[in-house]
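Structure at a glance
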Amino acid sequence: MNYRPKKVKGVMEVLGQQELKQRKLDGMFLNIAKEISTMSHCQRAKVGAVLVKDSNIISFGYNGMPAGMDNCCEEASTTGGLVTKYQVIHAESNALLKAAKMGVSTVGTTMYCTLSPCKDCSKLIMQAGVERVVYLELFKRDEGAVEFLSKFIKVQKHDK
Ligand SMILES: [Zn+2]
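Residues numbered from 1 in each chain as written. Predicted model: local features only at pLDDT ≥ 70, side-chain atom pairs only at ≥ 80, totals over all residues.

Focus on the overall build of the protein
In plain terms, the rule: Secondary structure elements are taken from DSSP: a helix is a run of H or I of four residues or more, a strand is a run of E of two residues or more, and numbering for both begins at the N terminus. Residue burial here comes from a neighbour count, namely the number of other C-beta atoms, placed from the backbone, that lie within 10 Å of the residue's own C-beta, with 20 or more meaning buried, 12 or fewer meaning exposed, and in between meaning partly exposed. A pair of residues counts as a contact when their C-beta atoms, built from backbone coordinates, are separated by no more than 7 Å.
What the protein contains, in helices and strands, is 4 helices and 7 strands. For the protein, the succession of helices and strands along the chain, N to C, is α-β-β-β-β-α-β-α-β-α-β. Residues counted as buried form 34% of the 160 residues belonging to the protein. A separation threshold of at least 6 residues defines the contact pool for the protein, and within that pool the share at least 24 residues apart is 50%.

Re the nonpolar core
How we decide: Note on definitions: a nonpolar core is a set of buried residues drawn from Ala, Val, Leu, Ile, Met, Phe, Trp, Tyr and Cys, linked by C-beta atoms within 7 Å.
Ranked by internal contacts, the top residues of the largest apolar core, which has 33 residues, are Ala49, Val50, Ala95, Met111, Tyr112, Cys113 and Val133. Among the secondary structure elements, those contributing two or more residues to this core are helix 1 (11-37), strand 1 (48-53), strand 2 (56-62), helix 2 (91-102), strand 5 (110-115), helix 3 (119-127), strand 6 (132-137) and helix 4 (144-150). If near-sequence neighbours (up to four positions away) are discounted, Val50 is found in contact with Phe29, Ile32, Ala33, Ile36, Ile57, Phe60, Ala95 and Tyr112.

Points about the pairing of strand 7 (residues 154-157)
Rules: Following DSSP output, two strands are said to pair if at least two bridges run between them. Handedness of a crossover is defined as follows: orient the strands so they point away from the viewer, and if the path from the first strand over the helix to the second runs clockwise, the crossover is right-handed.
Relative to strand 7, strand 6 is paired through 4 bridges, and the arrangement is parallel. Within strand 7, the residue paired with Tyr135 across the bridge is Lys157. Taken together, strand 6, helix 4 and strand 7 constitute a β-α-β crossover, and its handedness is right-handed.

With respect to the sheet that holds strand 2
Cut-off, in case you're wondering: Angles here are taken between N-to-C directions and fall from 0 to 180 degrees, while the axes themselves are lines fitted to C-alpha atoms, restricted in helices to the stretch in contact.
Taken in spatial order, the 5 strands line up as 2-1-5-6-7 in an open sheet, and their pairing is mixed. Where the open sheet ends on each side, the last strands, each with one partner, are strand 2 and strand 7. Pairwise comparison of adjacent strand axes, ignoring direction, gives a mean angle of 20° for this sheet. Direction of pairing for strand 5 relative to strand 6: parallel, over a ladder of 5 bridges.

Considerations on helix 3
Using the following cut-off: Our arc is simply the arc of the directions from the helix axis toward the C-beta atoms.
By the burial criterion, the buried members of helix 3 are Cys121, Ser122 and Ile125. On an axial view of helix 3, the arc spanned by its buried residues comes to 105°, and they lie on one face. Looking at the packing, one finds that the buried side of helix 3 touches helix 2, strand 5, strand 6 and helix 4. Just downstream of helix 3, Gly129 is the residue with a positive phi angle, here 85°.

A look at the environment of Ala99
Within the secondary structure, Ala99 sits in helix 2. You can call Ala99 buried: it has 20 C-beta atoms within 10 Å. Spatially, the C-alpha atom of Ala99 lies 7.1 Å from that of Ile58, the residues being 41 residues apart in sequence. With residues up to four places along the chain from it excluded, the contact list for Ala99 reads Leu51, Ile58, Ser59, Val104 and Thr106.

A short note on unusual backbone geometry
Even without glycine at this site, Asp54 takes up a positive phi of about 50°. Despite not being glycine, Ser55 has its phi angle at roughly 65°, a positive value. Looking at the secondary structure, you find Ser55 in the loop between strand 1 and strand 2. Taking the number of C-beta atoms within 10 Å as the measure of exposure, Ser55 has 11 and is therefore exposed.

Examining helix 2
Every α-helix winds through 3.6 residues per turn, so residues three or four apart in the chain are directed the same way. Applicable threshold: Here the expected length of a helix is defined as 1.5 Å per residue gap, with one fewer gap than residues.
Helix length check: helix 2, at 12 residues, gives a terminal C-alpha distance of 17 Å against a target of 16 Å (1.5 Å per residue), a fit within 8%. Along helix 2, the residues classified as buried are Ala91, Glu92, Ser93, Asn94, Ala95, Leu96 and Ala99.

All quantities given are derived from atomic positions and should not be read as evidence of function.
And the structure:
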C-alpha cells in the first residue's frame, strides 16, 4: 500500500482564506453602507458609512443636516445650480458622532464608506482611533484626502 502523507495547508493558503473571508465581510459591510446612504435627503450626493469593531456594527451615518434641523441639504447658488449647506454633516462624521453620543469607543474600528472620506472627515477618523477605512468610490473632489489619511492609517478601495 502506498503511503501518502496528508496534505498540510501551507501558511499562504491559510492566509489566503482569511483574506477571502475579510473581503467577503468588507463587501457585506459596504452593501450595508450603500443601503444606509439611501436614507440621505441630500440631492447632490447620498453617502453612507458604517463603523465596525470586531465584525460588529457599532455605529453608522449618512450625510445630512443636524438632528432637529430642516432636512433640506442644498440651497441655490449665486451662479445657478445647488450648493450644499455648510450645516450638512458628512456620513463619516455622523457615524463617529453617533458613537460619541452613545458613549461607544471608536478605537480600533474599521470605517466602511460609499465614498472616500474628505479631508475634514479624515482628520476626525484619525483622531477617533479608526484603524482602517474601506471605501467603494473615490471622492474625486477631495482626492488628496486619501493620500493624507493613508499616511496614518490603512485606507483601501474595495475591489468588487
Ligand atoms: Zn467628509
